[in-house]
2 protein chains.
Amino acid sequence: MPESPGSTSGSPARKGARQRRVTITDVGAAAGVSTSTVSRVLNGTARVDPELVRRVQSAVAELGYRPNAAAQGLARGEAGAIGVLVPDLSNPYFPDVLKSISAVARSHGRRVMVMESDEDPASEPELAEDLMRCCDGVLLCSPRMDRTALLDLTLRGHPLVLVNRIVPGLSTPSISADFYGGMTLVCGHLTQLGHRRVAYLSGPESSWANAERLRAFDAAAAFGLDVDVVPCGHTARQGYEAAGTVPDRGATAVVAYNDLVALGAVAALEESGVRIPDDMSVIGCDDISLDDLPASRRLTTASLARHELGRQAAQRLETLMTVGGDTEPLYIPMELRVRHTSAPPALRPSRPATAPPGLSTAD
Amino acid sequence: MPESPGSTSGSPARKGARQRRVTITDVGAAAGVSTSTVSRVLNGTARVDPELVRRVQSAVAELGYRPNAAAQGLARGEAGAIGVLVPDLSNPYFPDVLKSISAVARSHGRRVMVMESDEDPASEPELAEDLMRCCDGVLLCSPRMDRTALLDLTLRGHPLVLVNRIVPGLSTPSISADFYGGMTLVCGHLTQLGHRRVAYLSGPESSWANAERLRAFDAAAAFGLDVDVVPCGHTARQGYEAAGTVPDRGATAVVAYNDLVALGAVAALEESGVRIPDDMSVIGCDDISLDDLPASRRLTTASLARHELGRQAAQRLETLMTVGGDTEPLYIPMELRVRHTSAPPALRPSRPATAPPGLSTAD
DNA sequence: CTGTTAGCGCTTTCAC
DNA sequence: GTGAAAGCGCTAACAG
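Residues numbered from 1 in each chain as written. Chains lettered and ligands numbered in written order. Predicted model: local features only at pLDDT ≥ 70, side-chain atom pairs only at ≥ 80, totals over all residues. Heavy atoms only, no water.

**Some points on the overall build of chain A**
Then, in step 1: A tally of regular secondary structure across chain A gives 12 helices and 12 strands.
Then, in step 2: Evaluated residue by residue, chain A yields a buried proportion of 53% over its 363 residues.
Then, in step 3: For chain A, long-range pairs separated by at least 24 residues make up 67% of all intrachain contacts whose partners lie at least 6 apart in sequence. (Helix = DSSP H or I, 4+ residues; strand = E, 2+ residues; numbered from the N terminus. Buried < 20%, exposed > 50% of the residue type's maximum accessible area, 1.4 Å probe, protein only. Contact = heavy atoms within 4.5 Å.)

Rendered as structure tokens:
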């Protein structure tokens, strides 16, 4: 058994005092070669005499040597890691994205550092900067910070790619789900079903993705779809709470900022005796947990290949770090998944009791 | 506007060529002080003349200087980060844990590096080692690797704490949900409702947490509860698929490895006309998304304060890294949440077709 | 209080 | 093919 240096007794030192780590010098000494040779065999940087290779390898094994990542990083001028900043880890949206980012990064020999801003736009710049300090590149997911802060970061000259936020005029590689297109699909679907007035449970104010959805509603007005925007949020609970006010607003369908909100809305509506989709259609966004959460199989939603988004984002960052960036924003298309929570509006649209037959009463 | 060094023209260099980063030396030069002084004002390591402080600070701002993390790490002998290894990021279980780990780590000035093993026990040791190379301490969440591999890692003398896996004889700080206690609560609940035979949709073979649950079932046998173990897995889809076979097995209740599996089972059972909880009780584990997923509000489950688990785990690691470790395993208690998917068994318990009148017809 | 001087552990020219 | 030596950017004694 290789004796760990610094502790002569066999008892595992569990003290705070750090036992001296094995360094490349130790390996060199043990193998009777220079540190450069050790480095060379470990990195395959140059041809080395097979005999020496053997000696080095066995010394490495003997001593249990592991290169110090910080030292490598300093010497190589590369951290070997990329950073990812997300607003909220508990949103099922991100793990999927993270998963593929992580896979791509690994395939390029990089680790992934994750930070979460807790949906607080003000904390983002600092976190992002911190990521830049210790990573070769960073992915900003759905950043909520304002334009100027964002601009500021991009000017640092550090590899950076924006995910789910496209800022016109920013020459930073960006990639996003096509929320506008996705919501347009949703609006079209509802319109064709016969809905004329829908409530939109709106996401975080600072969310660009939310703004994109709103833009789609504006356009949908031309097709006769009237959208009532209800401030809500991004969690199921917020959807649950906001949904309570919907039936009174004369809407026959509710579109939610995301699936979580939609699920919350469904729960609230059903609890108050509203049948879905008979009395009210509910449509989500994101298609959370494709093949994992059976509950979500029922929700009509705008679906996004999150793995694809993550993969492309990571790939784009890698490209940026190595050969240089492509500035053209990339949109990942969304698809409409018609499932069980959307249907034509009820024959008697809900109207305030005072209204004469046939006239719209929207205030 | 501070001119970035290396690019004389104003155009933001987006090339692959790394522009020379501003170093502490540059700052020292600009402020007319030594690098040590710069270091001191930046770290608050010692008192510095207010005038110099001012000069340093403005030089820092002017130049847009950010300390290089690798260099700091090397010089300080500390990476300023902790690593977390989880089997599967998409499991809603982990984001919550990660969230609080992340918060605690931050409060101690450390970043968090996340890696995922994709439920592949064989990949874990390498990932864990990699984390050790670049982090001051690591958290192994629900490690699937075998005892020896685990033992091997703990012997490296690198701060390490085990989460959701207690290995007797390992003097490594460990912390876990009390799965045994949780499942015991579940068994007691079912028994008191009158159930005598339940099916257990079993989790990953290599999961210690699953083994703990099984241990609870063994004990429950003494109370007359007969548990039929059905190999399943950890995803909703696997729960969906495994649930199909349950009604034939004469069980009046199914206990699932986790809530995801339970949700899958509920979906499958309902689809095949089984009423829940009237015909069949379904109980989960983990209490996924406490206040976020309304769907889960309906599931009777063994609940765990995941944030607490994460917090304590991170705190324990921090303690280990600074003052030394406490080797006594810590168990976080679980609570039974009785909701809408558990009830007394149907009056006519399903029995094989040979039974006298009142027989169930399940094939 | 401040500057000088050594390294931290590794990679990488540059000679041999 | 291999070793010696310089240096990545920062911190931390150590003198003044």
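Let us keep going from here.
**Considerations on helix H10 (residues 236–243) of chain A**
Residues and elements named next belong to chain A.
Then, in step 1: Taken together, the buried positions of H10 are Ala 236, Gly 239, Ala 242 and Ala 243. In a view along the axis of H10, the buried residues occupy a sector of 130°, so they form one face of it.
Then, in step 2: Buried residues along H10 sit in contact with strand E6 (197–202), strand E7 (226–231) and helix H11 (259–271). (Arc of directions from axis to C-beta.)

**A short note on the protein's contact with DNA strand C**
Then, in step 1: Taken together, the neighbourhood of DNA strand C is formed by 23 residues, with Ile 24 and Tyr 65 of chain A together with Ser 36, Arg 47 and Asp 49 of chain B sitting nearest.
Then, in step 2: If you look at DNA strand C and keep only atoms within 4 Å of the protein, 65% of those are sugar or phosphate atoms.
Then, in step 3: In the model, a phosphate oxygen of DNA strand C is placed 3.2 Å from a nitrogen or oxygen of the Ser 34 of chain B main chain.
Then, in step 4: Here a phosphate oxygen of DNA strand C sits 2.7 Å away from a polar atom, N or O, in the side chain of Thr 37 of chain B.
Then, in step 5: If you list the elements that add at least two residues to the surface near DNA strand C, you get helix H2 (35–43) and helix H4 (69–76) of chain A together with helix H2 (35–43) and helix H4 (69–76) of chain B.
Then, in step 6: For the surface near DNA strand C, the leading source of residues is H4 of chain A, giving 4 residues. (Near = heavy atom within 4 Å. Polar contact = N/O pair within 3.5 Å; in protein donor to acceptor, adjacent residues only side chain to side chain.)

**Let's talk about the interface of chain B and chain A**
Then, in step 1: On the side of chain A, 58 residues touch chain B, which itself brings 58 residues to the contact.
Then, in step 2: Area buried by chain B at its contact with chain A is led by Lys 99, Arg 111 and Arg 133 of chain B, which between them contribute 13% of it.
Then, in step 3: Applying the counting criterion to the chain B and chain A interface returns 12 salt bridges.
Then, in step 4: The salt bridge partner of Asp 88 of chain B is Lys 99 of chain A, with a shortest N-O separation of 2.6 Å.
Then, in step 5: Taken together, the connections running from chain B to chain A amount to 20 residue pairs in polar contact (both at pLDDT 80 or more). (Buried area = accessible area lost by both parts, 1.4 Å probe. Salt bridge = Lys/Arg side-chain N within 4 Å of Asp/Glu carboxyl O.)

**Description of the sheet that holds strand E8 (residues 253–256) of chain B**
Residues and elements named next belong to chain B.
Then, in step 1: In spatial order, the strands read E7-E6-E8-E9-E10-E12; together these 6 strands make up an open sheet with mixed pairing. Since the sheet does not close on itself, it has two edges, and those belong to strand E7 (226–231) and strand E12 (335–337), each with one partner. Averaged over all neighbouring strand pairs, the angle between strand axes comes to 20°, with direction disregarded.
Then, in step 2: Where strand E6 (residues 197–202) meets E7, 6 bridges bridge the pair, whose relative direction is parallel. For Leu 201, the partnering residue across the bridge sits in E7 and is Val 230. (Pairing = 2+ DSSP bridges. Axes fitted to C-alpha atoms, helices over the stretch in contact; angles between N-to-C directions.)

**Examining unusual backbone geometry**
Then, in step 1: For the bond from Ile 276 of chain A to Pro 277 of chain A, the omega torsion is 10°, close enough to zero to count as cis.
Then, in step 2: Tracing the backbone through its elements, the reader meets Pro 277 of chain A in the loop between H11 and strand E9 (281–286).
Then, in step 3: The phi torsion at Asp 118 of chain A lies on the positive side, around 60°, for a residue other than glycine.
Then, in step 4: Positionally, Asp 118 of chain A belongs in the loop between strand E2 (111–116) and helix H6 (124–134).
Then, in step 5: For Asp 118 of chain A, a relative accessible area of 49% translates into the label partly exposed.
Then, in step 6: Residues other than glycine seldom take positive phi values, yet Asp 286 of chain B does so here, at roughly 115°.
Then, in step 7: For Asp 286 of chain B, the location among the structural elements is in strand E9 (residues 281–286).

**Notes on the UniProt feature "domain: HTH lacI-type" (unreviewed entry) in chain A**
Then, in step 1: In the numbering used here, UniProt assigns the "domain: HTH lacI-type" (unreviewed entry) feature to residues 22–76 of chain A.
Then, in step 2: The annotated region residues 22–76 of chain A carries 71% helix and 0% strand content, and the separation between its end C-alpha atoms amounts to 20 Å. (UniProt positions renumbered as here; feature names shortened; annotations may be inferred.)

**A look at the packing of aromatic side chains**
Residue and element names in this part refer to chain A.
Then, in step 1: Applying the stated criterion across every chain, the model contains 6 aromatic pairs over all chains.
Then, in step 2: Judged by centre distance (4.7 Å) and plane angle (55°), the ring pair of Tyr 200 and Phe 217 falls under tilted. Residue Tyr 200 is located in strand E6, and its partner Phe 217 is located in helix H9 (residues 208–220); the two are separated by 17 residues in the primary sequence.
Then, in step 3: Overall, the relative accessible area of 0% leaves Tyr 200 in the buried class.
Then, in step 4: Overall, Phe 217 belongs to the buried group, its relative accessible area being 4%. (Phe/Tyr/Trp six-rings, centres within 6.5 Å; stacked < 30°, edge-to-face > 60°.)

**Structural notes on the relation of the copies chain B and chain A**
Then, in step 1: Least-squares fitting of chain B to chain A yields an RMSD of 0.1 Å, with the superposition described by an axial translation of 0.1 Å and a rotation of 180°. In the structure described here, the two chain copies are related by an operation that fits a two-fold rotation axis.
Then, in step 2: A shared interface surface links the copies, since 100% of the contact residues of chain B are contact residues in chain A too. (Least-squares fit on C-alpha atoms with pLDDT ≥ 70 in both.)

**A short note on the protein's contact with DNA strand D**
Then, in step 1: Inspection of the region around DNA strand D gives 24 residues, with Thr 37, Arg 40 and Asp 49 of chain A together with Ile 24 and Tyr 65 of chain B positioned closest.
Then, in step 2: For DNA strand D, the fraction of protein-proximal atoms (within 4 Å) that sit in sugar or phosphate groups is 68%.
Then, in step 3: Taking Thr 37 of chain A, its side chain carries an N or O atom lying 2.5 Å from a phosphate oxygen of DNA strand D.
Then, in step 4: Where the surface near DNA strand D is concerned, the elements lending two or more residues are H2 and H4 of chain A together with H2 and H4 of chain B.
Then, in step 5: Across the surface near DNA strand D, the residue classes break down as 10 nonpolar, 9 polar and 5 charged. (Nonpolar A, V, L, I, M, F, W, Y, C, P; charged D, E, K, R; others polar.)

**Focus on the pairing of strand E3 (residues 137–141) of chain A**
All names here are of chain A.
Then, in step 1: Buried residues dominate E3, accounting for 5 of its 5 residues.
Then, in step 2: Along E3, one buried face is formed by Gly 137, Leu 139 and Cys 141 and the opposite face, lined by Val 138 and Leu 140, is buried too.
Then, in step 3: Strand direction decides the pairing type here: strand E1 (residues 81–86) and E3, joined by 4 bridges, are parallel. Its bridge partner lying in E3, Gly 83 is registered against Val 138.
Then, in step 4: Relative to strand E4 (residues 160–163), E3 runs parallel, the two being bridged by 4 bridges.

**Focus on the nonpolar core**
Then, in step 1: In terms of nonpolar packing, the biggest core is built from 100 residues, with Tyr 93 and Leu 139 of chain A together with Tyr 93 and Leu 139 of chain B touching the most fellow members.
Then, in step 2: Among all residues touching Tyr 93 of chain B, those that are not within four sequence positions of it are Asn 164, Ala 177, Phe 179, Asp 286, Ile 288, Leu 304, Arg 306 and Leu 309 of chain B.
Then, in step 3: Of all hydrophobic cores here, the second largest spans 42 residues; its members include Leu 127, Cys 134 and Val 167 of chain A together with Leu 162 of chain B. (Core = buried A, V, L, I, M, F, W, Y, C linked by side-chain atoms within 4.5 Å.)

**A look at the domain arrangement of chain A**
All names here are of chain A.
Then, in step 1: Split into domains, chain A comes out as domain 1 (12–75), domain 2 (81–178 + 307–332) and domain 3 (179–304).
Then, in step 2: When each unit is reduced to the centre of its C-alpha atoms, the spacing between domain 2 and domain 3 is 27 Å.
Then, in step 3: Where domain 2 abuts domain 3, roughly 1,400 Å² becomes buried across the two surfaces, and 59% of that area is made up of carbon and sulfur atoms.
Then, in step 4: Here domain 2 is connected to domain 3 by 0 salt bridges.
Then, in step 5: Run the count over domain 2 and domain 3 and you get 6 residue pairs in polar contact (both at pLDDT 80 or more).
Then, in step 6: Elements that contribute at least two residues to the side of domain 2 that touches domain 3 include exactly strand E5 (174–177) and strand E11 (330–332).
Then, in step 7: Residue classes in the side of domain 2 that touches domain 3 are distributed as 8 nonpolar, 3 polar and 5 charged. (Domains from an automatic or database assignment.)

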